[in-house]
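Here's the letter readout for the chains.
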Amino acid sequence: MAERAQEELSALAAIFCGPDEWEVLSRSETDGTVFRIRTKAEGLMDADVPLELVFHLPVNYPSCLPGISVNSEHLTRAHCVTVKEKLLEQAENLVSEPMVHELVLWIQQNLRHILNQPETGSGSETCAFATSTAVDDGLWITLLHLDHMRAKTKYVKTVEKWASNLRLTGRLMFMGKIILILLQGDRNNIKVPKRVPDSSENLQSRCGLKWKEMQREND
């Protein structure tokens with residue numbers, strides 16, 4: 001990643017230094033950096049609207065556009081899509097220059113004007129940030145919760161092999177009794193179910209794995 005992009009990341013981390021405002025989701029020498037910014041923007045009736053903005057900076061950024069995902073429990077899906085499109089339009093005018101902070105400032109100042117426009121499309125559902133989010137049309141990020149893990153060493157090796165076969169990157173995290181897997185990869189390899197099943201079925205349906213067979217082998 002270009003030196004200017006690295007400097008921009010450091011500056012962003014210093015600017016968005018409040019609780020839960022800034023989080024790096026992944027770093028890769030081949031895929032670039034994915035991070036999340038939580039902020040607020042003035043919406044209709046002068047009410048603050050919380051926004052979760054996920055940016056993917058490719059390795060050749062800022063010579064190309066960043067990937068952007070917009071999520072908010074206070075906005076409809078159609079509004080989230082519109083905000084993303086408007087941000088990408090602004091980004092086109094800023095190519096070759098670090099632009100993330102400028103884009104965040106722009107949406108903070110212009111969200112209310114976007115919300116005043118008639119919605120397009122059929123998405124009237126709330127656009128909430130759940131366990132999975134698209135950074136762009138091909139790159140997806142998902143967070144999985146495992147109920148348990150026996151034979152930890154064998155499980156870890158199996159998950160690493162499976163992730164490698166699907167060309168996914170990510171991190172296995174142990175937080176006390178909570179076991180989480182953060183995955184990033186091609187959208188076709190991370191399938192989001194229409195409902196939220198239990199964790200073993202969740203992993204199977206999202207990633208096309210025979211998870212229950214693997215679970216029986218490891219148990």
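Residues numbered from 1 in each chain as written. Predicted model: local features only at pLDDT ≥ 70, side-chain atom pairs only at ≥ 80, totals over all residues. Heavy atoms only, no water.

An unreviewed UniProt entry lists the protein under the name RWD domain-containing protein 3, with Ceratotherium simum simum given as the organism.

Caption draft 1: How the structure looks around the overall build of the protein. When you go through the protein residue by residue, the secondary structure sums to 6 helices and 9 strands. Expressed as a percentage of the 219 residues in the protein, the buried residues total 43%. Pairs at least 24 residues apart make up 57% of the contacts formed inside the protein by residues separated by at least 6 positions. Accessible area of the protein: about 12,300 Å², with a carbon and sulfur share of 49%. (Helix = DSSP H or I, 4+ residues; strand = E, 2+ residues; numbered from the N terminus. Buried < 20%, exposed > 50% of the residue type's maximum accessible area, 1.4 Å probe, protein only. Contact = heavy atoms within 4.5 Å. Areas by Shrake-Rupley, 256 points an atom, 1.4 Å probe, with all protein chains shown as cover.)

Caption draft 2: Expanded view of the packing of helix H2 (residues 77–92) against helix H3 (residues 100–115). Here H2 crosses H3 at 135°, and the two axes come no closer than 10 Å. Looking at the two axes, H2 sits oblique to H3. The way H2 lies across H3 gives a crossing that is right-handed. Residue-level contacts link His79, Thr82, Val83, Lys86, Leu87, Gln90 and Ala91 of H2 to Leu103, Trp106, Ile107, Leu111, Ile114 and Leu115 of H3. In terms of residue class, the contact of H2 with H3 is made up of 9 nonpolar, 3 polar and 1 charged. (Axes fitted to C-alpha atoms, helices over the stretch in contact; angles between N-to-C directions. Parallel < 35°, antiparallel > 145°, perpendicular 65-115°, else oblique. Left-handed = near helix turned anticlockwise from the far one by under 90°. Nonpolar A, V, L, I, M, F, W, Y, C, P; charged D, E, K, R; others polar.)

Caption draft 3: Main features of the pairing of strand E4 (residues 67–76). Buried residues dominate E4, accounting for 8 of its 10 residues. Here 5 bridges tie strand E3 (residues 48–57) to E4, and the two strands are oriented antiparallel to one another. Residue Leu53 lies in a different strand from E4, and its bridge partner there is Val70. (Pairing = 2+ DSSP bridges.)

Caption draft 4: A look at the environment of Arg171. When you line up the elements, Arg171 lands in strand E8 (residues 169–175). Exposure remark for Arg171: the relative accessible area of 59% places this residue in the exposed category. Along the sequence, Arg171 and Gln184 sit 13 residues apart, while their C-alpha atoms lie 9.2 Å from each other. With sequence-adjacent residues up to four places away left out, Arg171 is seen in contact with Leu180, Ile181 and Leu182.

Caption draft 5: Molecular detail of the nonpolar core. Judged by nonpolar contacts, the single largest core of 30 residues is most densely connected at Phe55, Leu87, Val100 and Ile107. Considering every element that reaches this core, the biggest residue donor is H3, with 8 residues. Residues Val156, Val159, Leu168 and Ile179 belong to the second largest nonpolar core, which totals 13 residues. (Core = buried A, V, L, I, M, F, W, Y, C linked by side-chain atoms within 4.5 Å.)

Caption draft 6: Inspection of helix H1 (residues 3–15) at higher detail. Over its 13 residues, H1 runs 18 Å from end to end, which matches the ideal 18 Å to within 8%, given 1.5 Å per residue. Residues Ala5, Glu8, Leu9 and Leu12 constitute the buried set of H1. In an axial view of H1, the angular spread of the buried residues amounts to 100°, which keeps them on one side of the axis. Set apart from the buried face of H1 by more than 90 degrees, the exposed residues are Glu3, Ser10 and Ala14. The inward-facing, buried residues of H1 contact strand E1 (22–28), strand E2 (32–42), E3 and H3. (Expected span 1.5 Å × (residues − 1). Arc of directions from axis to C-beta.)

Caption draft 7: Structural view of unusual backbone geometry. Residue Pro62 is bonded to the preceding Tyr61 through a cis peptide linkage, with omega at 10°. Checked against the element boundaries, Pro62 lands in the loop between E3 and E4.

Caption draft 8: A look at H3. Taking 1.5 Å of rise per residue, the 16 residues of H3 would be expected to cover 22 Å, and the 21 Å separating its terminal C-alpha atoms lies within 8% of that figure. The principal kink in H3, of about 50°, is found at Gln109. For H3, the full list of buried residues reads Val100, Leu103, Val104, Trp106, Ile107, Asn110, Leu111, Ile114 and Leu115. On its buried face, H3 is in contact with H1, E2, E3, E4 and H2. (Bend = angle between axes of the 7 residues up to and from the residue.)

Caption draft 9: The packing of aromatic side chains, seen in detail. Scanning the entire structure with this criterion turns up 2 aromatic pairs. Judged by centre distance (5.6 Å) and plane angle (25°), the rings of Phe35 and Phe55 are stacked. With Phe35 in strand E2 and Phe55 in strand E3, this pair connects stretches of sequence that are 20 residues apart. With a relative accessible area of 0%, Phe35 lands in the buried category. (Phe/Tyr/Trp six-rings, centres within 6.5 Å; stacked < 30°, edge-to-face > 60°.)

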